[in-house]
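Close look at the chain arrangement
Each chain is listed here by its residues.
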Amino acid sequence: MLRSFLPLALLGVLHAPIARGQSLDLRSDTLVGAQGLRPVFGASDTRAQVPIWELLALSAEDLGVPGLGVELSGFAGVTLAASPLEAPGRDGNRGVGNLTVGLLRYKDPKARFELALGRQYLFAGAGRAEHLDGLSALFRLPWNLELTLFGGRTSPFQLDYQPASGGVPYPADERFAFSGWAVGGRAHVRLLEKLSAGVGFVHEGEGSRTARQVLVVDGGYWGSRKLEALAGVVLDTVALLPQEAWLQLTSRPRPRLKLTLDVTHMVPSLAIPKTSLFSVFALDAYQELALGVHVGLGELLSLGLEGGPRLFDGGDGGELRLGFNAAAEARLALGEIPGRLVGLRLEATGADGERLLQARLFALYHFARPVYLSGETHVLYLASDRSGAAASVFERRLEGSPLSFGGIGTLGYRFTSWLSAQVAGSAFSTPSAKHDLRLMGRLTVVASAGGGAGGKR
């Protein structure tokens, strides 16, 4: 029902006259790329591919009723190639597309509640970053209390059109599967505009089986420049274990000095759905302590240093393993005009016999004319103590080629306030690919009408 309703809603919005007080915003991005990929893993030859993508985003407010709006965004594209990748029966040109957001939203003129019906992303407590086909509701209650409730399907439909199969979406037997679903909510309160506290819950299922069930408790304090704090815990209520816990402290004792302290406990395997085969493996918890110092030297130069130890649990009585993470960064503004800077970031990570060193040099420059240029180069060194049968395929490749390097560049031109074009390219050499070359062009149109916007922008 939702899939049949949204195209009609889009047509209605595009053809409806814009009345006083209404607003309409439209953004279109057309992307054309070029790349070469191997038809199957390990092949010596490459096949050229030309992906063409169209990204559309549209929003409108006050559609006949004050507070009623619509938000739509999605993409459609085709990959032109003789043989895309290792996919038997799916060779040749292929089209894909999806509606990423498609909802009706109502905002009470008195700001007491908001309702959103349709496809949406959730960022509320335990339901954060959830892609949902359903309903979410936000209620603003007295004493700065907010209550969020949501529920719906978590396996959004996606079109994968293949002319060779007669135009049948792929895979045909999964088009209307209704297996993933979620319900949950969050309560959040603000005190004196200096304190906040919240609690959230989500239950996700696949059919009658529980895939994920967590309780999130979090809080924050930002009443002083000398101390800001955020803390929280994500409790897996199926395993009755903390999936994640964190404490973040920030202090600004001087205008150009920022000190940070982050303490994290993480069990990544608890994030795997309980319905997955991989969820039966041992827990892989680790703890991390990170200290940071960020200082501004004058108006143009800023320096940052952060890092600390990581402690990995052995699991099943295994030995504890010690690792580390460290990074240093410098940024130099090229004058007082925004959008002109150069920077360098160095990172080092080590754990369980593996070491990673990375250097990134980046720059952004906006010319006096509507031209902007950005670029960055990467150098990455990977090494592992494992060799022979104990090493993975990738680790054995590192023995002969531990270095990866390359760069990314973008050149853009803004023709008008509503039309711009960009060309981007990248070139890399890695242990898995000696030559990885890619090129992409993008044309962007942004327009608005009604609500006093005065036409295109």
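Criteria and thresholds
- Residues numbered from 1 in each chain as written.
- Predicted model: local features only at pLDDT ≥ 70, side-chain atom pairs only at ≥ 80, totals over all residues.
- Heavy atoms only, no water.
- Helix = DSSP H or I, 4+ residues; strand = E, 2+ residues; numbered from the N terminus.
- Buried < 20%, exposed > 50% of the residue type's maximum accessible area, 1.4 Å probe, protein only.
- Contact = heavy atoms within 4.5 Å.
- Areas by Shrake-Rupley, 256 points an atom, 1.4 Å probe, with all protein chains shown as cover.
- Pairing = 2+ DSSP bridges.
- Phe/Tyr/Trp six-rings, centres within 6.5 Å; stacked < 30°, edge-to-face > 60°.
- Salt bridge = Lys/Arg side-chain N within 4 Å of Asp/Glu carboxyl O.
- Core = buried A, V, L, I, M, F, W, Y, C linked by side-chain atoms within 4.5 Å.
- Patch = residues over 30% accessible without salt bridge, like charges linked within 9 Å, V, L, I, M, F, W, Y side chains within 5 Å.
- pLDDT = per-residue confidence, 0-100.
- Polar contact = N/O pair within 3.5 Å; in protein donor to acceptor, adjacent residues only side chain to side chain.

As a further point, take the overall build of the protein chain. Each helix and strand in the protein chain was counted, giving two helices and 23 strands. Within the protein chain, the fraction of its 457 residues that count as buried is 30%. Of the contacts formed within the protein chain by residues at least 6 apart in sequence, a portion of 45% connects residues at least 24 apart. Looking at the protein chain as shown, the accessible area adds up to about 26,400 Å², and 65% of this sits on carbon and sulfur atoms.

Next up on the list: the pairing of strand β12 (residues 227–236). For a regular strand, side chains alternate in direction, first toward one face of the sheet and then toward the other. Bridge count between strand β11 (residues 209–224) and β12: nine bridges; the pairing is antiparallel. Residue pairing across strands places Val-217 opposite Val-233, the latter belonging to β12. Between β11 and β12, which pair antiparallel in sequence order, lie two residues. The pairing of β12 with strand β13 (residues 241–254) spans nine bridges and is antiparallel. Counted as the bridge partner of Val-233 is Ala-245 from β13.

Let us now look at the packing of aromatic side chains. Taken as a whole and assessed by the stated rule, the structure comprises six aromatic pairs. Measuring from centroid to centroid gives 6.5 Å for Phe-113 and Phe-139, while their planes differ by 35°, and the two rings are tilted. With a gap of 26 residues between them, Phe-113 in strand β5 (residues 113–122) and Phe-139 in strand β6 (residues 130–141) connect regions that are remote in the sequence. According to the relative accessible area criterion, Phe-113 is partly exposed, its value standing at 23%. When the ring of Tyr-286 is compared with that of Phe-312, the centres are 5.6 Å apart and the planes differ by 35°; the resulting orientation is tilted. With Tyr-286 in strand β15 (residues 286–297) and Phe-312 in strand β16 (residues 301–312), this pair connects stretches of sequence that are 26 residues apart. You can call Phe-312 buried: its relative accessible area is 16%.

It is worth spelling out the pattern of salt bridges at this point. Within this structure, the stated rule accounts for 20 salt bridges. Close ionic contact of Glu-114 with Arg-140 constitutes a salt bridge, the shortest N to O distance being 3.1 Å. Taken as a pair, Glu-114 in strand β5 and Arg-140 in strand β6 lie far apart in primary sequence, 26 residues in all. With a relative accessible area of 31%, Arg-140 lands in the partly exposed category.

We now examine unusual backbone geometry. Non-glycine residue Asn-144 carries a positive phi angle of around 55°. Checked against the element boundaries, Asn-144 lands in the loop between β6 and β7 (145–153). For Leu-240, which is not glycine, the phi torsion reads 55° and is therefore positive. As for its placement among the helices and strands, Leu-240 is situated in the loop between β12 and β13.

Next up on the list: the nonpolar core. In this structure, Leu-122, Leu-132, Phe-150, Ala-182, Val-202, Val-214, Val-216, Val-234 and Trp-246 together form the largest nonpolar core, which totals nine residues. Ignoring any residue separated from it by four or fewer positions in sequence, one finds Leu-132 in contact with Gly-118, Arg-119, Gln-120, Leu-122, Phe-150, Gly-151, Gly-152, Arg-153, Thr-154 and Ala-182. By size, the runner-up hydrophobic cluster in this structure holds five residues, among which are Leu-24, Leu-58, Ala-60 and Val-70.

Side chains of Leu-357, Val-379, Tyr-381, Leu-403 and Phe-405 sit close together on the surface and give an oily, nonpolar patch of about 440 Å² of accessible area. Those elements that provide at least two residues to the nonpolar patch are β20 (371–384) and β21 (403–414).

Another point: the confidence of the model for the protein chain. When pLDDT is averaged along the protein chain, the result is 80; 76% of the residues meet or exceed 70. At the low end of the mean pLDDT range in the protein chain sits helix α1 (residues 2–15), at 39; at the high end sits strand β14 (residues 257–266), at 96. Here residues 1–18 is modelled with pLDDT under 50, and outside its nearest four sequence neighbours on either side it reaches 23 contacts, counting other chains as well. Within the model, the stretch residues 160–178 combines pLDDT values under 50 with 28 contacts to residues more than four positions away or in other chains.

The subject of this paragraph is the pairing of β20. One ladder, built from 13 bridges, connects strand β19 (residues 354–366) with β20; its direction is antiparallel. When the sheet's bridge partners are listed, Arg-355 is paired in β20 with Ala-383. With antiparallel pairing between neighbouring strands as the criterion, β19 and β20 make up a hairpin whose turn holds four residues. Sheet topology note: the β20/β21 ladder contains 11 bridges and is antiparallel. Residue pairing for β21: Glu-376 is matched across the bridge by Ile-408.

The subject of this paragraph is the environment of Glu-71. Here Glu-71 is to be found in strand β3 (residues 68–81). Sequence-distant contacts of Glu-71, defined by excluding residues within four places in its chain, comprise Leu-58, Ser-59, Val-101, Gly-102, Leu-103 and Arg-105. Among the polar contacts made by the side chain of Glu-71, one reaches the side chain of Arg-105 at a distance of 3.3 Å.

Before going further, it helps to examine the environment of Asp-29. Mapped onto the elements, Asp-29 comes out in strand β1 (residues 23–37). Given the relative accessible area of 8%, Asp-29 is considered buried. Linking Asp-29 and Val-446, residues 417 residues apart in sequence, is a C-alpha distance of 8.8 Å. In contact with Asp-29, not counting residues within four places along its chain, are Trp-53, Glu-54, Leu-55, Arg-442, Leu-443 and Thr-444. Reaching out from Asp-29, the side chain makes a polar contact with the side chain of Thr-444 at a distance of 2.5 Å.

In this section: the environment of Glu-376. Looking at the element boundaries, Glu-376 is found in strand β20. Separated by 34 residues in the primary sequence, Glu-376 and Thr-410 have C-alpha atoms spaced 9.3 Å apart. Beyond its immediate sequence surroundings of up to four residues, Glu-376 is in contact with Arg-360, Leu-361, Phe-362, Gly-406, Gly-407 and Ile-408. At 3.1 Å, the side chain of Glu-376 forms a polar contact with the side chain of Arg-360. Reaching out from Glu-376, the side chain makes a polar contact with the side chain of His-378 at a distance of 2.6 Å.

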